[in-house]
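# Examination of the molecular architecture
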Amino acid sequence: MTEALSAYKYVFFFMALLIGVPIGYFNALRRPMFEKIIFFLAIFFTARMEDINFLSHEWLRLTSKGFEVGMVDLATLILFMLVIKRRFQYKISLPPGSTLFFLYFFFSMLSMRNASDPLYSWFEVWKMMRMYTYFFTMYNYIRDERTLNLFMRCVAAITMYVFSEVVRQKYLFHQFQVSGPFPHQNSLVMYMIIFGSIIFSYLLNNKEHSLAKTIVWVGIFGMTAINIISTLSRAGMVLFLASIVIVLLMSFNAGYSSKKIIITIILGFFSLIILARAWDSITERFETAPEASANTRIDLAIAAQKMANDKTLGVGLNNFGIKINPPYNYSSHIPMHDEEDPDEQNGLVETIYLMIAAECGWHTLAIFFMLIFYFYFLNLRNYVRYRGHPYQFVSVAFLGGLLAIYLESVLEWVLKQTNNFYQLMLIFAIISVMYRMDKDRILQKRN
């Protein structure tokens, strides 16, 4: 039965590719509402992954376990076709930061010379190609502030969907730590930190909301907070709070208003209620966290450093999960639970930064840092340039949200997971779009 369902999944995918994509493209050309739906799906399927996996290696501990292709890619393909169709109306260009991404991609591929199995590396290469395609398409598709308004409606809808999944898992299936539609609770936390920051900043900095709309957005922000608290991720809850504090401070730095003060007080009050309701679970999570988990993190971090120091180019992209186990000796300092079990395997290092260094070398890690902080400082420039502008809330949100997930990545490798990688590329695209819009605005003033 399972094999039959799997076969149907492949049939459905190729029908969607060969029939659904052309139909979607031509309908998007003729019906603006249909085009908006495609844009929504290109974001929605970063949260609710629906994909198939060619040459799947699900039994291995890898960051990519096959050649994945999903519904998000099909929606992106339709948007890409629209971008090509409109190339004479809107100039197509490489997004800012592309050179850094290409360098990161090049040195990641160069590490394959040390891979024990290059096929595993190609899994990750394929993922990186999908991510840049998504980044490129979103940058060239989002042309104006109307699409940014649509993006906010997408954020609201996806947050409500994730909330429904969290409630179902927590109260129907009584899960202690929920993950929603994501593969792990840490994936949910990182995804929601970004959306929660955007929603909070939108609440504080949008001057055109009526009382009814403000109440609705307060409710949506409350869903975000419940989603994060329900994961009982200790680092996630702390960093979400840090992101909110940064958004709050930067919002007031942009200008005081009675609305900001009132919303801050209201949200603070409801946050206390939510915390009081979840306090027992939060306390239990902190008190029962196993000490062995922290020791394992340290042991894996030491192993990652051994790999990075041993091989200048790294041990091979997406090969950490292979090289951490015998016959390789990088894990010789890690005690085994059962030395007689030939199937026992060590896990992946719990930080994306040391994973990149181990797999691709310290130089590739340096390039990755340049890449992610390039966009952070580009967003900081947007914050200055958009001061007093209705869309300043976007740059305010990313000042808090991006810093939070960069810090969380010290403890997690979640940014390599498909959901979160797509979201990161989406945020980078929006930052780049706002930079381009500002440049266009300057040129129009000069003319």
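Summarised in this report is the structure supplied together with it. (Residues numbered from 1 in each chain as written. Predicted model: local features only at pLDDT ≥ 70, side-chain atom pairs only at ≥ 80, totals over all residues. Heavy atoms only, no water.)

## Description of the pattern of salt bridges
The line we're drawing: Salt bridge, as used here: a side-chain nitrogen of Lys or Arg that lies within 4 Å of a carboxyl oxygen of Asp or Glu. Helix numbers and strand numbers start at the N terminus; a helix is a DSSP run of H or I with at least 4 residues, a strand a run of E with at least 2. The cut-offs for exposure are 20% and 50% of the maximum accessible area for each residue type, with area from a 1.4 Å probe on protein chains only; residues under the lower value are buried, those over the upper are exposed, and the others partly exposed.
Within this structure, the stated rule accounts for twelve salt bridges. When the shortest N-O distance is used, the salt bridge between Lys 416 and Glu 124 registers 3.6 Å. With a gap of 292 residues between them, Lys 416 in the loop between α15 (392-408) and α16 (418-446) and Glu 124 in helix α5 (residues 118-141) connect regions that are remote in the sequence. Side by side, Lys 416 and Glu 124 carry an identical accessibility label, which is buried. Taken together, the shared-partner salt bridges connect Arg 381, Arg 385, Asp 438 and Arg 441 into one network.

## Quick word on α15
What counts, and what does not: To estimate how far a helix should extend, the number of its residues minus one is multiplied by 1.5 Å. To get the bend at a given residue, fit one axis to the seven residues ending there, fit another to the seven starting there, and take the angle between those axes.
Taking 1.5 Å per residue, 17 residues should reach 24 Å; α15 reaches 25 Å between its end C-alpha atoms and fits that length. Where α15 bends most, the angle comes to about 25 degrees, and this point is Phe 398. The element α15 is largely enclosed, with a buried count of 15 among its 17 residues.

## Looking at the environment of Ala 225
Assignment of secondary structure puts Ala 225 in helix α8 (residues 211-231). A relative accessible area of 9% means that Ala 225 is categorised as buried. Between the alpha carbons of Ala 225 and Met 237 there is a distance of 8.9 Å; along the sequence they are twelve residues apart.

## Structural notes on a positive patch on the surface
Spelled out, the test is: For patch detection, residues must exceed 30% relative accessible area and be free of salt bridges, and they are connected within 9 Å for like charges or within 5 Å for nonpolar side chains (Val, Leu, Ile, Met, Phe, Trp, Tyr). Exposure was quantified through the Shrake-Rupley algorithm and a 1.4 Å probe, taking into account, for residues, occlusion by the shown protein chains and nothing else. Counting rule applied: Lys, Arg positive; Asp, Glu negative; His and chain ends not counted. Charge coordinates come from a single atom per side chain, which is NZ of Lys, CZ of Arg, CG of Asp or CD of Glu.
A cluster of basic residues, Arg 30, Arg 31, Lys 85 and Arg 87, forms a positive patch at the surface. Mapped onto the elements, Lys 85 comes out in helix α3 (residues 71-85).

## Section: the packing of helix α6 (residues 145-172) against α16
Heads up, the condition is: Structural elements are reduced to axes, namely lines fitted to C-alpha atoms, with helices fitted over the stretch in contact, and the angle between N-to-C directions of any two is expressed from 0 to 180 degrees. Relative orientations are named as follows: roughly parallel for angles under 35 degrees, roughly antiparallel for angles over 145 degrees, roughly perpendicular for angles from 65 to 115 degrees, and oblique for any other angle. Left-handed describes a crossing whose near helix is turned anticlockwise from the far helix through less than a right angle; right-handed describes the clockwise counterpart. Whether two residues are in contact is decided by their heavy atoms, any of which lying within 4.5 Å being enough. When residues are sorted by character, Ala, Val, Leu, Ile, Met, Phe, Trp, Tyr, Cys and Pro go into the nonpolar class, Asp, Glu, Lys and Arg into the charged class, and all the rest, Gly among them, into the polar class.
Here α6 crosses α16 at 150 degrees, and the two axes come no closer than 11 Å. In terms of axis orientation, α6 runs roughly antiparallel to α16. As for how α6 packs across α16, the hand of that crossing is left-handed. Contacts between α6 and α16 involve Glu 145, Leu 148 and Phe 151 on the former and, on the latter, Leu 426, Ile 430 and Met 437. Of the residues belonging to the contact of α6 with α16, the class tally is five nonpolar, no polar and one charged.

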